[in-house]
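Residue-level structure breakdown
Each chain, written out:
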Amino acid sequence: MKNKLLLIIAIAVVAIGGYMVFSSFGNDSASDIPSDDVKQLVAEYSANTKTNLAASITSNELILIEKNGKKQTFDLPKDEFFVSIAPFYEQTHPCEIHSLTGCRGELAKEEFHVYIEDKDGNIIVNEKMTSLDNGFIDLWLPRDNTFFAKIEKDGKISELTFSTFAGDKTCITTMQLL
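Structural notes, computed from the coordinates. Being a predicted model, the structure only gives us computed values, none of them experimental. Every chain begins its residue count from 1, and numbering advances along the sequence as written. The model is predicted, so local features are restricted to residues of pLDDT at least 70 and side-chain atom pairs to those at 80 or more, both for listing and for counting; the totals for chains, interfaces and linings are taken over all residues. Side-chain measures here rest on the full set of heavy atoms in the structure, leaving out hydrogens and waters.

**Considering the side chain of K153**
In this fold, K153 is placed in strand β9 (residues 146-153). By definition in these notes, contact holds between two residues if any of their heavy atoms fall within 4.5 Å. If we ignore the near neighbours within four places in the chain, the residues touching K153 are Y89, E110, E111, F112 and L177. Secondary structure follows DSSP: runs of H or I at least 4 residues long count as helices, runs of E at least 2 residues long count as strands, and numbering of each begins at the N terminus.

**Digging into unusual backbone geometry**
Although it is not a glycine, K109 adopts a positive phi angle of roughly 55°. Looking at the element boundaries, K109 is found in the loop between β5 (98-99) and β6 (111-118). Even without a glycine there, the phi angle at D144 is positive, about 60°. Within the element layout of this structure, D144 appears in the loop between β8 (137-142) and β9.

**Observations concerning the side chain of T58**
Here T58 is to be found in the loop between β1 (54-57) and β2 (61-65). Classification of residues uses two cut-offs on accessible area relative to the type maximum, computed with a 1.4 Å probe and protein chains only: under 20% is buried, over 50% is exposed, and between them is partly exposed. Residue class for T58 comes out buried when judged on its relative accessible area of 18%. The term polar contact refers here to a pair of N or O atoms within 3.5 Å; inside protein, the definition further demands a hydrogen-donor-capable atom paired with an acceptor-capable atom, and it admits residues adjacent in sequence only when both atoms are side-chain atoms. For T58, the side chain forms a polar contact with the main-chain nitrogen of N60, separated by 3.1 Å. In this structure, T58 is in contact with I63, L76, I97 and T170, ignoring residues within four places of it in sequence.

**What to know about the sheet that holds strand β3 (residues 71-75)**
Taken together, the 4 strands give an open sheet; going across it, the order is β3-β2-β1-β5, and neighbouring strands pair in antiparallel fashion. Each having just a single partner strand, β3 and β5 make up the two edges of the open sheet. The pairing of β2 with β3 spans 5 bridges and is classified as antiparallel. Counterpart to E61 in the pairing with β3 is D75. Pairs of strands are assigned from DSSP output, requiring at least two bridges between the strands.

**Some details on the nonpolar core**
Note on terminology: a nonpolar core comprises buried Ala, Val, Leu, Ile, Met, Phe, Trp, Tyr and Cys residues joined through side-chain atoms within 4.5 Å. By size, the foremost hydrophobic cluster in this structure holds 19 residues, and its most contacted members are V83, F112, V114, I116, L139, I151 and F162. Breaking this core down by element, the ones donating at least two residues are β4 (80-85), β6, β7 (123-130), β8 and β9. Of all hydrophobic cores here, the second largest spans 13 residues; its members include L41, V42, F74 and F82.

**A word on the pairing of β6**
Summarising the sheet, β6 and β7 pair through 7 bridges and their orientation is antiparallel. The partner of Y115 across the bridge, within β7, is N126. Counting the residues in the hairpin turn of β6 and β7 gives 4 residues, including G121, whose phi is positive at 85°. Summarising the sheet, β6 and β9 pair through 6 bridges and their orientation is antiparallel.

**Description of the pattern of salt bridges**
The salt bridge definition used is simple: a Lys or Arg side-chain nitrogen within 4 Å of an Asp or Glu carboxyl oxygen. Counted by the stated rule, this structure contains 4 salt bridges. The salt bridge partner of E80 is K39, with a shortest N-O separation of 2.9 Å. A residue pair is termed long-range when its members are at least 10 positions apart, and E80 in strand β4 and K39 in helix α2 (residues 35-47) qualify at 41 residues. According to the relative accessible area criterion, E80 is partly exposed, its value standing at 21%.

**Describing the sheet that holds β4**
Strand order in the open sheet formed by 3 strands is β8-β4-β11, with mixed pairing between adjacent strands. The open sheet has two free edges, formed respectively by β8 and β11 (171-172), since each of these has just one partner strand. Looking at chain direction, β4 and β11 are connected through 2 bridges and run parallel. Its bridge partner being in β11, I85 is matched across the sheet by I172.

Shown next as structure tokens:
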């Protein structure tokens, strides 16, 4: 009984949050949406492989496009940069702007050790992470910095340096595990 009640409460919270975000869908300005709501919206689309909207994310905004072509943009947080990484063994695709609803990586629902440090050697991420259903690992990192990333799985390693400045890639598909 407790589990059913918790499930009902969780569904209600998600429904209310979704209504609040989408009730503003179609407005001309994205500035009314709080940063936390935009990040939640990004997370929902990253985890949803069966949506009717096209969702992509640039260095500055989340872009949603309905099937009828109606487009809505949402500003991203001023101090955080979204990047999605798809580690791979054999298969990848070229990409610069991540499609939350279209990009697919080779290694879905797999566990990796992710290590990221900034140019000054500050450790930003050092933990086990599981890729999403789409095969990507989503990260929110500080803007306007350069990072060293190291991803490990089953004794295979990939390393890369990338940055989070305006216009930089939000989709990293070049981390082949060797």
